[in-house]
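In case you want the letters, here they are:
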Amino acid sequence: MALEKLELEHVPTAYQLYAGFFRDVTNAEFLHAQLLSRNSEFEYAFIDASSVISRLHLVSAVYSAVNVLLDGTLRTPNVHSEIVVSLNTNNNIADAYRRWGITPGKTKDLIVVKVVPPPSPAQDETPTQPPTQLAIWDHLQQHVKGTPTPLTDSELSQATDWPKVRKYYRLNGVPALDRLADEQERRKHSERLAIMGMALRGL
Amino acid sequence: MAATETQFPPPKVLTYPASAPPSLVTQGAEGRLYKTTHLVPDRPCALKYRPPKPYRHPILDARLTKTRLASEAKVLERCWREGVPVPAVYVMDPAAGWMMMEWIDGHPVRVGINEWLGERPEEEGETETETPKPADEEPLVDLMRRVGAAVGALHRTGVVHGDLTTSNMMLRPREDAGQANGSTTGVDGVVDDKAKAVGGDVVLIDFGLATQSMSDEDRAVDLYVLERAFASTHPRAERLFATLLESYGSTFKKAPSVLVKLEDVRMRGRKRSMLG
């Protein structure tokens with residue numbers, strides 16, 4: 001099973017985080033339509049992998065969104081859209097969906113993140129059981145038409161569209177990057193700047 | 001320990017589980033600094049927390065905390081983009097009053113200098129130390145140059161620190177220094193240890209009072225504050241401050257005029273207007 005359980009520092013254990021990676025996805029239109037129609041079976045963060053640098057970059061966004069969820073100050077409909085918005089460096093939500101979200105006809109490599117909060121108590125007499133890792137994976141495999149791929153830095157880096165990332169995170173003409181000769185170093189520094197840009201979102 | 005923990009409750013974010021418990025590193029007038037981890041267990045970070053002040057009106061308090069954290073983060077990002085050695089910001093929650101940033105390894109410049117000076121005989125004791133051997137002192141002199149260069153790089157980007165002291169600068173060991181030093185040791189282990197204490201890259205920290213300014217006056221005051229702090233923290237190394245200024249003077253175009261301004265500031269003190 002290629003659905004990974006993410007363990008992040010400073011996240012309550014009652015919150016379960018899962019992430020998967022699909023390459024060469026062919027049904028972005030269908031998945032996008034499910035999000036638009038607010039289909040409750042498709043409560044996932046669908047992230048276009050071409051705008052993502054690394055795992056650290058990805059989980060930074062996941063952490064920010066979960067922090068906002070814990071705080072109760074979501075600015076978007078749910079924690080999953082909040083993850084996509086967290087990848088942005090400004091507060092333009094539509095922009096964030098366009099750049100980091102799933103886009104029909106464009107998204108080929110897709111990262112899926114699922115946040116399972118603890119079941120809310122005392123709502124009704126029928127407490128809905130949180131879905132298991134296996135159930136989530138089954139559902140994803142059924143509906144995402146693509147190649148399940150391990151969510152590793154080396155796999156992610158193959159999907160990264162650097163000109164796009166540089167534009168989104170304003171990394172062109174940055175003195176701290178231009179002085180670096182080593183490509184590997186430059187990527188490390190770009191990742192830092194991207195995470196910093198996200199941390200300073202809207203300031 | 002337990003007493004201090006009940007006295008100062010940690011921010012809510014630190015009450016959630018992590019691979020290692022956070023530790024309180026230091027406490028200032030406005031905030032506290034914890035060492036903890038960011039996202040994964042092997043990524044240490046510094047968490048700066050500005051707790052709510054019970055003596056302020058809650059709305060004003062929240063607004064002040066938020067703006068101060070935000071301005072500190074903005075200054076750090078600006079410096080980082082320009083290549084000034086400062087910690088990177090990892091994640092922040094201005095409303096909750098905390099910010100996680102890069103953990104800088106090593107020790108403060110203050111500790112490095114004192115370690116270096118510690119093994120020297122007291123100057124007052126023997127007259128022969130009146131004439132220091134230049135070659136002997138080279139590692140310390142070089143540190144002064146590096147500090148001058150770091151402050152110069154900071155000022156060049158249009159940021160003044162606001163609280164420059166040798167405690168607000170870290171000496172981060174170079175990653176490759178381990179083997180390089182190791183192979184050339186052997187002759188005199190003591191000298192090598194001392195050289196190590198003042199070696200490494202200077203990283204400026206604590207931008208809680210930093211502001212964006214390009215004026216000679218503000219830059220000169222920044223240097224003046226450092227000069228005074230330096231003289232009182234390291235009286236025996238005071239004469240080396242000239243080296244720092246000399247190195248600063250060559251870092252950017254307007255640096256020489258800042259040094260001229262520094263003369264004025266020395267004459268009258270930190271405050272230009274005697275108000276407040």
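This text follows the structure it describes.
Quick look at the structure, then. (Residues numbered from 1 in each chain as written. Chains lettered and ligands numbered in written order. Predicted model: local features only at pLDDT ≥ 70, side-chain atom pairs only at ≥ 80, totals over all residues. Heavy atoms only, no water.)

### With respect to the overall build of chain B
1) Next: A count of helices and strands for chain B gives 9 helices and 10 strands.
2) Next: For chain B, the residues scored as buried account for 45% of the 276 residues in total.
3) Next: Within chain B, counting contacts between residues at least 6 apart in sequence, those at least 24 apart form 69% of the total.
4) Next: Accessible surface for chain B amounts to roughly 14100 Å². Of this, 56% is attributable to carbon and sulfur atoms. (Helix = DSSP H or I, 4+ residues; strand = E, 2+ residues; numbered from the N terminus. Buried < 20%, exposed > 50% of the residue type's maximum accessible area, 1.4 Å probe, protein only. Contact = heavy atoms within 4.5 Å. Areas by Shrake-Rupley, 256 points an atom, 1.4 Å probe, with all protein chains shown as cover.)

### Digging into unusual backbone geometry
1) Next: Here the phi dihedral of A:Asp24 falls at roughly 50°; this positive angle occurs in a residue that is not glycine.
2) Next: Relative to the helices and strands, A:Asp24 is located in the loop between strand 2 (16–23) and helix 1 (28–36).
3) Next: Despite not being glycine, B:Leu39 shows a phi value in the positive range, around 65°.
4) Next: Along the chain, the position of B:Leu39 falls in the loop between strand 2 (32–37) and strand 3 (44–49).

### With respect to the packing of aromatic side chains
1) Next: A complete count under the given rule lists 8 aromatic pairs over all chains for this structure.
2) Next: On the basis of an interplanar angle of 20° and a centroid distance of 5.6 Å, the ring pair of A:Phe22 and A:Trp137 is categorised as stacked. Of this pair, A:Phe22 sits in strand 2 while A:Trp137 sits in helix 5 (residues 133–143), and the two are 115 residues apart along the sequence. Considered together, A:Phe22 and A:Trp137 belong to a single accessibility category, that of buried residues.
3) Next: Both rings, one in B:Tyr248 and one in B:Phe252, keep their centres 5.7 Å apart while their planes meet at 85°; by these two values the pair is edge-to-face. (Phe/Tyr/Trp six-rings, centres within 6.5 Å; stacked < 30°, edge-to-face > 60°.)

### A few points about the pattern of salt bridges
1) Next: Tallying each qualifying case throughout the model produces 24 salt bridges over all chains.
2) Next: For A:Arg55, the salt bridge goes to A:Glu4, with nearest N and O atoms at 2.8 Å. Of this pair, A:Arg55 sits in helix 2 (residues 55–71) while A:Glu4 sits in strand 1 (residues 4–6), and the two are 51 residues apart along the sequence.
3) Next: Ionic pairing is found between B:Arg145 and B:Glu138, a salt bridge with its closest N-O pair at 3.2 Å. (Salt bridge = Lys/Arg side-chain N within 4 Å of Asp/Glu carboxyl O.)

### Quick notes on the interface of chain B and chain A
1) Next: If you look at the interface, chain B gives 33 residues, while chain A gives 30 residues.
2) Next: Around 2800 Å² of area is buried between chain B and chain A when both sides are counted, 61% of it from carbon and sulfur atoms.
3) Next: Among the residues chain B hides against chain A, the three largest losses belong to B:Leu39, B:Trp80 and B:Arg81. Together they make up 30% of the total.
4) Next: Between the two partners, chain B and chain A, sit 1 salt bridge.
5) Next: Here B:Glu102 ties to A:Arg192 by a salt bridge, and the two come within 2.8 Å at their closest N and O atoms.
6) Next: Linking chain B to chain A there are 12 residue pairs in polar contact (both at pLDDT 80 or more).
7) Next: Counting only elements with at least two residues in the side of chain B that touches chain A, the list comes to strand 2, helix 2 (58–82), strand 4 (89–93) and strand 5 (98–102) of chain B.
8) Next: For the side of chain B that touches chain A, the element with the most residues is helix 2 of chain B, which contributes 7 residues.
9) Next: Partitioned by chemical class, the residues of the side of chain B that touches chain A number 20 nonpolar, 5 polar and 8 charged. (Buried area = accessible area lost by both parts, 1.4 Å probe. Polar contact = N/O pair within 3.5 Å; in protein donor to acceptor, adjacent residues only side chain to side chain. Nonpolar A, V, L, I, M, F, W, Y, C, P; charged D, E, K, R; others polar.)

### Details of the sheet that holds strand 4 of chain B
All names here are of chain B.
1) Next: Spatial ordering of the open sheet is given by 1-2-3-5-4, a layout of 5 strands whose pairing is antiparallel. Of all strands in the sheet, those bounded by a partner on one side alone are strand 1 (23–27) and strand 4. Direction aside, the axes of adjacent strands within the sheet are offset by 25° on average.
2) Next: Bridge analysis of strand 4 against strand 5 gives 4 bridges, and the strand direction is antiparallel. Following the sheet pairing, Val89 is matched in strand 5 by Met101.
3) Next: The strands touched by helix 2 are strand 3, strand 4 and strand 5; relative to strand 5, the strand with the most contacts, the crossing angle is about 20°. (Pairing = 2+ DSSP bridges. Axes fitted to C-alpha atoms, helices over the stretch in contact; angles between N-to-C directions.)

### Quick notes on the side chain of A:Ser64
1) Next: Note on placement: A:Ser64 falls in helix 2.
2) Next: Apart from residues no more than four positions distant in its own chain, A:Ser64 is found in contact with A:Ser86 and B:Val91.

### Focus on the nonpolar core
1) Next: Core analysis: the largest hydrophobic core is formed by 115 residues, its most contacted members being A:Ile47, A:Ile111 and B:Phe207.
2) Next: Shared between two domains, this core takes at least three residues from each, and those domains are domain 1 (2–102) and domain 2 (107–268) of chain B.
3) Next: When near neighbours in sequence (up to four residues on either side) are disregarded, A:Ile47 contacts A:Val52, A:Leu58, A:Ile83, A:Val84, A:Leu87, A:Trp100, A:Asp109, A:Leu110, A:Ile111 and A:Val113. (Core = buried A, V, L, I, M, F, W, Y, C linked by side-chain atoms within 4.5 Å. Domains from an automatic or database assignment.)

### Description of the packing of helix 8 (residues 241–249) of chain B against helix 9 (residues 255–268) of chain B
Residue and element names in this part refer to chain B.
1) Next: Two elements in contact, helix 8 and helix 9, have axes separated by 8 Å at closest approach and are oriented at 140°. One finds that helix 8 runs oblique with respect to helix 9. Residues Leu245, Tyr248 and Gly249 of helix 8 pack against Ala255, Pro256, Val258, Leu259, Leu262 and Arg266 of helix 9.
2) Next: Here the contact of helix 8 with helix 9 is built from residues that sort into 7 nonpolar, 1 polar and 1 charged. (Parallel < 35°, antiparallel > 145°, perpendicular 65-115°, else oblique.)

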